[in-house]
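# Topology and contacts: notes
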Amino acid sequence: MILVTGGAGFIGANFVLDWLAVNDEPVVNLDKLTYAGNLHNLDSLRGDTRHVFVQGDIGDQALLDRLLVQYQPRAVINFAAESHVDRSIHGPEAFMQTNVIGTFRLLEAVRAYWNDLVDEAKANFRFIHVSTDEVYGTLAPDALAFTEAHQYQPNSPYSASKAASDHLVRAWHHTYGLPVLTTNCSNNYGPYQFPEKLIPLVINNALQGKPLPIYGDGLQVRDWLYVTDHCSAIRHVLAAGKVGEVYNIGGWNEIPNIEIVRTICTLLDQLQPRDDSASYASQITHVTDRPGHDRRYAIDAHKIEQELDWKPAETFTTGIRKTVQWYLDNAEWVTAVASGAYRAWMARQYTDTIA
Ligand code: NAD
Ligand code: DAU
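No experiment lies behind these values; they were computed from the predicted model shown.

So, how was this worked out
- Residues numbered from 1 in each chain as written.
- Chains lettered and ligands numbered in written order.
- Predicted model: local features only at pLDDT ≥ 70, side-chain atom pairs only at ≥ 80, totals over all residues.
- Heavy atoms only, no water.
- Near = heavy atom within 4 Å.
- Polar contact = N/O pair within 3.5 Å; in protein donor to acceptor, adjacent residues only side chain to side chain.
- Helix = DSSP H or I, 4+ residues; strand = E, 2+ residues; numbered from the N terminus.
- Nonpolar A, V, L, I, M, F, W, Y, C, P; charged D, E, K, R; others polar.
- Areas by Shrake-Rupley, 256 points an atom, 1.4 Å probe, with all protein chains shown as cover.
- Pairing = 2+ DSSP bridges.
- Axes fitted to C-alpha atoms, helices over the stretch in contact; angles between N-to-C directions.
- Contact = heavy atoms within 4.5 Å.
- Parallel < 35°, antiparallel > 145°, perpendicular 65-115°, else oblique.
- Left-handed = near helix turned anticlockwise from the far one by under 90°.

### Notes on the site of ligand 1
Around ligand 1 sit 28 residues, and of these Ile11, Asp31, Ser83, Tyr158 and Lys162 come closest. Separating a nitrogen atom of ligand 1 from a side-chain N or O atom of Asp57 is a distance of 2.9 Å. Contributions of two or more residues to the shell around ligand 1 are made by helix H1 (10–22), strand S5 (126–132), helix H6 (157–176) and strand S7 (187–189). Counted by class, the shell around ligand 1 contains 12 nonpolar, 12 polar and 4 charged residues.

As structure tokens, this is what we get:
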């Protein structure tokens, strides 16, 4: 049995689906079901006794104590977080509560549980903390990609909260001996990503005839990884990662935002042309830049590739085509998640990008 937190969100849900597709070990899935958590992501597991869903907060230590004793997991994988940089700029409180205090409570509950395990179970137990490349800050155009030794220089409330959680995880290993591993991954994309993030937002807006908002000049660079490749990397880290180590995860896919948006437009032009035959690229609109916007991220993934023999299965070309097709095939999913409350929030924050 493994315990996954945040398993109704984008990466967590993909991880749970992927995990149960490749092995039979059951999963307890603890998720608060914030706006970003969606049980429909797990519809295909309905009636599957290998998946137990519990709605709850990683900050609820009493609940965690009960779940850990009841299910006796051999590993905890922590995906639960507030994950959207723009939201963290407009309202950082929830990021501090979940990403910092929540991770602290989770670590304390896991430490108490782990301390009481018998020797073999104690030695084999793992806590995997899923983190981000944003903790390293921004890179100059000619700088080498982030290695695991790169200095932490978080620039947004989101990345500062994730950096804080990484430090807590590290300290719980150093001080208490908790067997932790941390992963720092680049930008994910693929099915079930909430349409507040660049790729699903652009696909969704394009199909609805709305502007495609590019922050600033659009030359900011992100390093993209298809979500199931992130999931397989985490499985490798759980299976063979060295306790106390950090593993960067990335696909060597540095691409400027404007190029991502143009690629999506070209794919949509082929797969679902506009009625007027114009390119979706005509909807591209440059808007005010994100405050403190990091210019470039790039992950050096040599360590996980060489030590754990992990490689991504998708290139950006194959992954983005699959992603666009998935959103075309799952229009109801997008309509359902982009509900009234979400749209009202977006309208308040980004009136210049909402049609
Ligand atoms: P997401 O926002 O799609 O999902 C987060 C999930 O966590 C949701 O299901 C939500 O309901 C749940 N959650 C939030 N607060 C909770 C709480 N207090 N208790 C329990 N559950 C809670 O995020 P995502 O994009 O799937 O990211 C998952 C993890 O991966 C995060 O830790 C994020 O920092 C990290 N990460 C994301 C990316 C990316 O590109 N999306 C890249 C690297 C790392
Ligand atoms: O790097 C990993 C991180 O990637 C994760 O830790 C975060 O959880 C995840 O949200 C993501 O953060 P970003 O800020 O990079 O993702 P986002 O999709 O919000 O933005 C990607 C880039 O596109 C970024 O440079 C901002 C830009 N952008 C974004 C949106 C939503 C736009 O130009 N227009 C937009 O409308």
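### Looking at the site of ligand 2
Of all residues adjacent to ligand 2, which total 22 residues, the nearest are Asp133, Tyr158, Asn187, Arg290 and His293. Between ligand 2 and the protein, one listed contact pairs an oxygen atom with a side-chain N or O atom of Arg222 at 2.9 Å. One of the side-chain nitrogen or oxygen atoms of Arg290 is found 2.6 Å away from an oxygen atom of ligand 2. Considering ligand 2 on its own, with 690 Å² of exposed area, one finds that the protein chains cover 94% of that surface. Mapped onto the shell around ligand 2, the elements with two or more residues apiece are helix H7 (198–207) and strand S8 (212–215). Counting residues per element, the shell around ligand 2 draws most heavily on S8, at 3 residues.

### A word on the sheet that holds strand S3 (residues 51–55)
Reading across the sheet, the 7 strands line up as S3-S2-S1-S4-S5-S6-S10 and stay open at both edges, with parallel pairing between neighbours. Two strands lie at the open edges of the sheet, namely S3 and strand S10 (246–249), each paired on one side alone. When strand polarity is set aside, the average angle formed by the axes of neighbouring strands in this sheet is 20 degrees. By the bridge criterion, 4 bridges tie strand S1 (residues 2–5) to strand S2 (residues 27–31) in an arrangement that is parallel. Bridging from a neighbouring strand, Ile2 pairs with Val27 of S2.

### What about the side chain of Ser165?
Here Ser165 is to be found in helix H6. In this view, Ser165 contacts Asn99, Thr103 and His129; residues no more than four positions away in its chain are not counted.

### Thoughts on the packing of H7 against helix H9 (residues 257–271)
At a minimum axis separation of 10 Å, H7 and H9 run at an interaxial angle of 45 degrees. One element, H7, and the other, H9, form an angle in the oblique class. As H7 packs across H9, the resulting crossing turns out to be right-handed. Residues Leu198, Ile199, Val202, Ile203, Ala206 and Leu207 of H7 touch H9, and the partners they reach there are Asn257, Ile260, Val261, Ile264 and Leu268. Grouping the amino acids of the contact of H7 with H9 by side-chain chemistry returns 10 nonpolar, 1 polar and no charged.

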